[in-house]
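Reading the structure
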Amino acid sequence: MLVPALFTLLSRCLEPQGTEQASVEYTKQLILSCLLNVCHKVSPDGKPVSKELLDEEKFNVELVVQCVRCSNMPQTHHHALLLLGAVAGMFPEKILHNIMPIFTFMGANIMRLDDIYSFQVINKTVQTVIPALIQAHEGGPSQSPGEMESVVAGIVRVFVDALPHVPEHRRLPILSQLVGTLGPERFLWVLLLLLFKQHATETGAGSSGAEKDAVLERDMEFWISVCCTFELQEQLCSLIKILQYLTTLPEDKEEAAERSRSTRRKPKKDEVEDLLFSVEAHSGKELRHFKFLSVSFMAHLLASDSFVGKVAKGDETQQEHLQSLEQSLLEEVLRYINSVAQCVEHNSDKPTAKFWRALLSKSYDVLDKVNALLPTDTFIPVMRGLMSNQLPSVRRKAMDLLNNKLQQKVHWEEGQVRLLLDLVGELLAIATHGRREEEEQAINRQTALYSLKLLCRCFGAAHQEAFLPVLSTAVGLVTTQEEERNVMGSALLCIAEVTSTLKALAIPQLPRLMPAVLQTLKDRKELLSNEIYLLSTVTALHRVCETLPHFVSPYLMDILVQVAHLTRLAEKVTQCPQLGVRLTSLKTTLATNIPPRVLLPTVTKCYNRLVQSHQSYLGPLMDVLQEHISHMERDLLTSHQSELTAFFLTALDFRAEHSQGDLEKTNEIEGYIIGCLLVMVMKLSEVTFRPLFFKLFDWSKTEGAPKERLLTFYRLSDSIAGRLKGLFTLFAGHLVKPLSDLLNQTNTANADEALFDSEDHVDKSCLLLQ
């Protein structure tokens, strides 16, 4: 009977009366205090009560709310709010229908007061009313899933709207209390987005220049302070939800209008998305500002001392809990970067192009900050998880992050190395696109092969067995003719690295690898159309010859032919200077690493093959032989001198055998042969050189021999004299008589017939005289 009587009195106090206002307000306060005492007696713990103790129908909550709205006295407000807080636990459904008027009134009045009692009333109301709200929504099956979020978003918006009028030192405690009561893991992101919207549409909109920057800096510090009031796990969840929300926003206002028309949906005022940022209600500029502000905040938060400090203090158990969240955050950042990158492409020729490029740059900044926070032991499993992501762009960025870490970090613990080696299987699956039904993107496969190459460079020497499957897979890619050329180029570079690391363990793969590489070099058009592919092939060939020189003899003939061909190609293709550099290194490797017993017979065979079909290739072949002779020890040279002499006697016959050819071209090729022979001559002693010289002399004037041999011999003698200088007088005496005879024979006044039989005998005679 007491409660209805008290509500009857309260309703009379709310009727317009002529009595003094102060006395009426005092009466209201007394009645509200009595009702609060009744509630405390009936339910000391604030839990729901039975109908026998207190009938819900007899408790007129609307009348209490009216007290709040109609009174001008703060004391009355406080009494009414404390009563509503107590009733919230007992009759939550009653409070639900009046929740927005309560908080709207608090935002417009009580939050603006700067006294401890008002602050305590706000805290008390939040602590009692909001848990009752959440309990009622979660307990009632009839509630729609998004209704509670909408109500909460509305309450948070009231607090955010009132924030500029709240005393500064009260702002952080009030918001912390609000979100702490709501549940930061579920609703911190809502508060942050509403704060960003307020700055984008109101706070920062009216200022400009230095003032605008100062306001942004001040607000950014405040937002970070709010965020860092809560646990790391709650902050990471909020960042993930912010990114998910940003992804749902339209690219621009026009797109939002089109989307609305296509779905025929009218925006509802109480939908969470529209409460956070209504695209229809704001301009395109404000939408862009809101997006950029949200991403900028994430970059600032992840780099802030408060956030980093919390990460550093975390123990192993906490790190385990955070690992899945960090992976999810990375996934969301990568997904968002992917959508922003698409917007950059779509808007490249529009006035907003600069904004999208700036947003993409800021998004990459967030990615770097998240990556920098990950300890190495967490980083590796997170990267592995990201490599299994459904989005190709996420998989690629995960491999990029791994590659950066491998290039930057020098020291790795054994446990970390084991974790990294476990990634080999995952990377091989991406490289061969055998793990998924759809075909992996070529760029992803190239990135995976590059990751394998870096892993081998860092850890292959100590863990050779782990990289045997890598070599086998890469060779398989190279031997597949239908394979995409850029992927094949990356596979060749991976082969180069793995072969030089595995050394003898790579020998079983040579019968598959070498024919494939040599066949690749024969595809002239393919090579010229893809510079990277060409350089990769040469690099792979170089590393194999450098690492396993004693096992390439079955392929040496083809290697020399292809090197000679590519050298000539490099002289013509000026847009690929790197090719000439790499070929020079390859020729040096062949000349210095392959033993004479293998190289010399092969050079002879190669010469005999090229002299018939590709004479222009003889110059590079002679370069290899010349460098080989220059590096030979004297003992080796002596033991192989007869073999070399036989070769040079054959090679020096080039002019005689091709006497009808172009004289200039003949001179050039003969010059290579003579230059090569000179290197050998300079390494011989007088005792070993003398018989060689006279053998060549006899060779030039053998009866029935072509007269062109004279040209070759005296050109050679001229070159030897130029190198030996004064020492040549030891042999010059034997040439005086033959030279005198030749002068007479070439003198057309004295000679009856020309010295040379060919049509160009005059040119040859002049050349001989010269």
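All figures in this text were calculated on a predicted structure; none of them were measured in a lab.

Conventions and cut-offs
Residues numbered from 1 in each chain as written. Predicted model: local features only at pLDDT ≥ 70, side-chain atom pairs only at ≥ 80, totals over all residues. Heavy atoms only, no water. Axes fitted to C-alpha atoms, helices over the stretch in contact; angles between N-to-C directions. Helix = DSSP H or I, 4+ residues; strand = E, 2+ residues; numbered from the N terminus. Parallel < 35°, antiparallel > 145°, perpendicular 65-115°, else oblique. Left-handed = near helix turned anticlockwise from the far one by under 90°. Contact = heavy atoms within 4.5 Å. Nonpolar A, V, L, I, M, F, W, Y, C, P; charged D, E, K, R; others polar. pLDDT = per-residue confidence, 0-100. Phe/Tyr/Trp six-rings, centres within 6.5 Å; stacked < 30°, edge-to-face > 60°. Buried < 20%, exposed > 50% of the residue type's maximum accessible area, 1.4 Å probe, protein only. Salt bridge = Lys/Arg side-chain N within 4 Å of Asp/Glu carboxyl O.

This brings us to the packing of helix H34 (residues 641–651) against helix H37 (residues 686–700). In a packed pair of helices, the relevant descriptors are the angle between the two axes and the axis-to-axis distance. Orientation of H34 relative to H37, taken along the N-to-C sense of each, is 25 degrees, at an axis distance of 12 Å. With respect to H37, the axis of H34 lies roughly parallel. Between H34 and H37 lies a crossing of right-handed hand. Across the interface between the two elements, Gln-641, Thr-645 and Leu-649 of H34 pack against Thr-688, Leu-692, Lys-695, Leu-696 and Trp-699 of H37. Taken together, the residues of the contact of H34 with H37 break down into 4 nonpolar, 3 polar and 1 charged.

We now examine the confidence of the model for the protein chain. Mean pLDDT over the protein chain: 81, with 82% of residues reaching 70 or higher. Here residues 264–269 is a poorly scored stretch, pLDDT under 50, and it has 7 contacts once near neighbours within four places are set aside; other chains count.

Right, let's get into the side chain of Lys-453. When you line up the elements, Lys-453 lands in helix H23 (residues 442–459). In this view, Lys-453 contacts Leu-493, Cys-494 and Glu-497; residues no more than four positions away in its chain are not counted.

Another aspect to go through is the packing of helix H10 (residues 184–203) against helix H12 (residues 232–248). Two numbers describe how H10 lies on H12: the axes approach to 8 Å, and their chain directions differ by 55 degrees. On the basis of the axis angle, H10 is oblique to H12. Crossing hand, H10 versus H12: right-handed. Judged by residue contacts, Pro-184, Glu-185, Arg-186, Leu-188, Trp-189, Leu-192, Leu-193 and Phe-196 of H10 engage Gln-233, Glu-234, Gln-235, Cys-237, Ser-238, Lys-241, Ile-242 and Tyr-245 from H12.

The next subject is the packing of aromatic side chains. Taken as a whole and assessed by the stated rule, the structure comprises 15 aromatic pairs. On the numbers, 6.0 Å between centres and 80 degrees between planes, the contact of Trp-412 with Phe-459 is edge-to-face. Highlighted residues: Trp-412 in the loop between helix H20 (392–408) and helix H21 (414–421) and Phe-459 in helix H23, separated in sequence by 47 residues. Across the pair, exposure class does not vary: Trp-412 and Phe-459 are buried alike. Aromatic pair Phe-689 and Phe-693: ring centres 5.7 Å apart, planes at 45 degrees, arrangement tilted. In this pair, Phe-689 and Phe-693 both sit in helix H37, 4 residues apart, roughly one turn of the helix. With relative accessibility at 1%, the residue Phe-693 sits in the buried group.

With that out of the way, let us pick up the pattern of salt bridges. Inspection of the entire model under this criterion finds 13 salt bridges. Note that Glu-546 is salt-bridged to Arg-543, the shortest N-O span being 3.9 Å. Here Arg-543 and Glu-546 lie together in helix H28 (residues 531–547), a separation of 3 residues that amounts to about one turn. According to the relative accessible area criterion, Glu-546 is partly exposed, its value standing at 38%. Ionic pairing is found between Arg-609 and Asp-558, a salt bridge with its closest N-O pair at 3.7 Å. In this pair, Arg-609 sits in helix H31 (residues 596–613) while Asp-558 sits in helix H29 (residues 556–572), placing the two residues 51 residues apart along the sequence. Taking relative accessible area as the criterion, Asp-558 reaches 24% and is therefore assigned partly exposed. Taken together, the shared-partner salt bridges connect Arg-457, Glu-497, Arg-543 and Glu-546 into one network.

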